[in-house]
Amino acid sequence: MNESQAYQNDERGRPSGVNHRLLTGKVVLLVGNDTAVTQLLIGQLAQKGADIALVCWHIPLETSAKIKERVLAFGRKLLLLEEMAGQTTSPAQLVQTITGELGQLDLFIDLSAQTSAPPGPNDDPDQMPAPVQPQWLFVTAVLPEIARSETTRS
């Protein structure tokens, strides 16, 4: 296959040739909520060859089973790290768990933006879902590990 063929799309507009496995050997940390966008992205990452660590606040068992089945169908790994209200793990501990299970960490995608309206004056704070760790806490833990992974491969 020549270089120009490697960057062509098939009849459905999807990458053909070697392009579809560009993430083979990569580990992606995806922080998100149980949304259709998160599920779609997980499928696309697995299809492109990535192993995935998913950190989310809560995900129904049947949804997590469906996601795992889809990732495994592409021959990839899925590590589900569920954060429970009031029992969060530090980002450094999460990174250590991910690298211990999947060997490295290459990419970080944060889809954990708040999807509901901010609490109102009459909302009970005890009934509000706990947010996933703030992005900057993950960034400070994740970036050194990504840099270390890049250094060891060079």
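Please refer to the structure placed before this passage.
Below: a short report on this structure. (Residues numbered from 1 in each chain as written. Predicted model: local features only at pLDDT ≥ 70, side-chain atom pairs only at ≥ 80, totals over all residues. Heavy atoms only, no water.)

**What about helix H3 (residues 61–73)?**
Part 1 of the argument: The end-to-end C-alpha separation of H3 is 18 Å, in line with the 18 Å expected for 13 residues at 1.5 Å each.
Part 2 of the argument: Of all the positions in H3, only Thr63, Ser64, Ile67 and Val71 are classed as buried. One side of H3 holds all its buried residues, which, seen down the axis, span an arc of 95°. Away from its buried face, by an angle of more than 90 degrees, H3 presents the exposed residues Leu61, Glu62, Lys66, Glu69 and Ala73.
Part 3 of the argument: Check the buried side of H3 and you find it contacts helix H2 (36–47), strand S2 (51–56) and strand S3 (78–82).
Part 4 of the argument: With its phi angle positive at about 75°, Gly75 sits one or two positions after the end of H3. (Helix = DSSP H or I, 4+ residues; strand = E, 2+ residues; numbered from the N terminus. Expected span 1.5 Å × (residues − 1). Buried < 20%, exposed > 50% of the residue type's maximum accessible area, 1.4 Å probe, protein only. Arc of directions from axis to C-beta. Contact = heavy atoms within 4.5 Å.)

**Here's the deal with the sheet that holds S2**
Part 1 of the argument: Across the sheet, 4 strands lie side by side as S3-S2-S1-S4; this open sheet has parallel pairing. The open sheet is flanked by S3 and strand S4 (107–111), the only strands paired with a single partner. Neighbour-to-neighbour, the strand axes of the sheet open up by a mean angle of 15°, direction not taken into account.
Part 2 of the argument: Relative to S4, strand S1 (residues 27–32) runs parallel, the two sharing 5 bridges. Residue pairing across strands places Leu30 opposite Ile109, the latter belonging to S4.
Part 3 of the argument: Lying on the sheet, helix H4 (residues 91–102) is in contact with S1, S2 and S3; it crosses S3 at an angle near 160°. (Pairing = 2+ DSSP bridges. Axes fitted to C-alpha atoms, helices over the stretch in contact; angles between N-to-C directions.)

**Remarks on the packing of H2 against H3**
Part 1 of the argument: Where H2 contacts H3, the axes come no closer than 9 Å and their chain directions differ by 20°. The angle between H2 and H3 falls in the class roughly parallel. Viewed along their axes, H2 and H3 form a crossing whose handedness is right-handed. Each of Gln39, Ile42, Gly43 and Ala46 in H2 lies in contact with H3, whose residues at this interface are Thr63, Lys66, Ile67, Arg70 and Val71.
Part 2 of the argument: Considered class by class, the residues forming the contact of H2 with H3 number 4 nonpolar, 3 polar and 2 charged. (Parallel < 35°, antiparallel > 145°, perpendicular 65-115°, else oblique. Left-handed = near helix turned anticlockwise from the far one by under 90°. Nonpolar A, V, L, I, M, F, W, Y, C, P; charged D, E, K, R; others polar.)

**Description of the side chain of Asp51**
Part 1 of the argument: Along the chain, the position of Asp51 falls in strand S2.
Part 2 of the argument: Given the relative accessible area of 9%, Asp51 is considered buried.
Part 3 of the argument: Apart from residues lying up to four places away in sequence, Asp51 is in contact with Lys26, Val27, Val28, Arg76 and Lys77.

**A look at H2**
Part 1 of the argument: With 12 residues, H2 extends 17 Å between its outermost C-alpha atoms, agreeing within 8% with the 16 Å of an ideal straight helix rising 1.5 Å per residue.
Part 2 of the argument: Listing the buried residues of H2 in full gives Thr38, Leu41, Ile42, Gly43, Leu45 and Ala46.
Part 3 of the argument: Along its buried surface, H2 packs onto S1, S2, H3 and S4.
Part 4 of the argument: Gly49 occupies a position one or two residues after H2 and carries a positive phi of about 105°.

**With respect to the pattern of salt bridges**
Part 1 of the argument: All told, the structure shown has 2 salt bridges when counted by the stated rule.
Part 2 of the argument: In this structure, Asp51 engages Arg76 in a salt bridge whose closest nitrogen and oxygen atoms are separated by 3.2 Å. You can see Asp51 sitting in strand S2 and its partner Arg76 sitting in the loop between H3 and S3, a full 25 residues away along the chain. Both residues of the pair, Asp51 and Arg76, belong to the buried class.
Part 3 of the argument: The residue Arg148 makes a salt bridge to Glu145 at a minimum N-O spacing of 2.8 Å. In this pair, Arg148 and Glu145 are both assigned in helix H5 (residues 135–153), 3 residues apart and thus about one turn of the helix distant. (Salt bridge = Lys/Arg side-chain N within 4 Å of Asp/Glu carboxyl O.)

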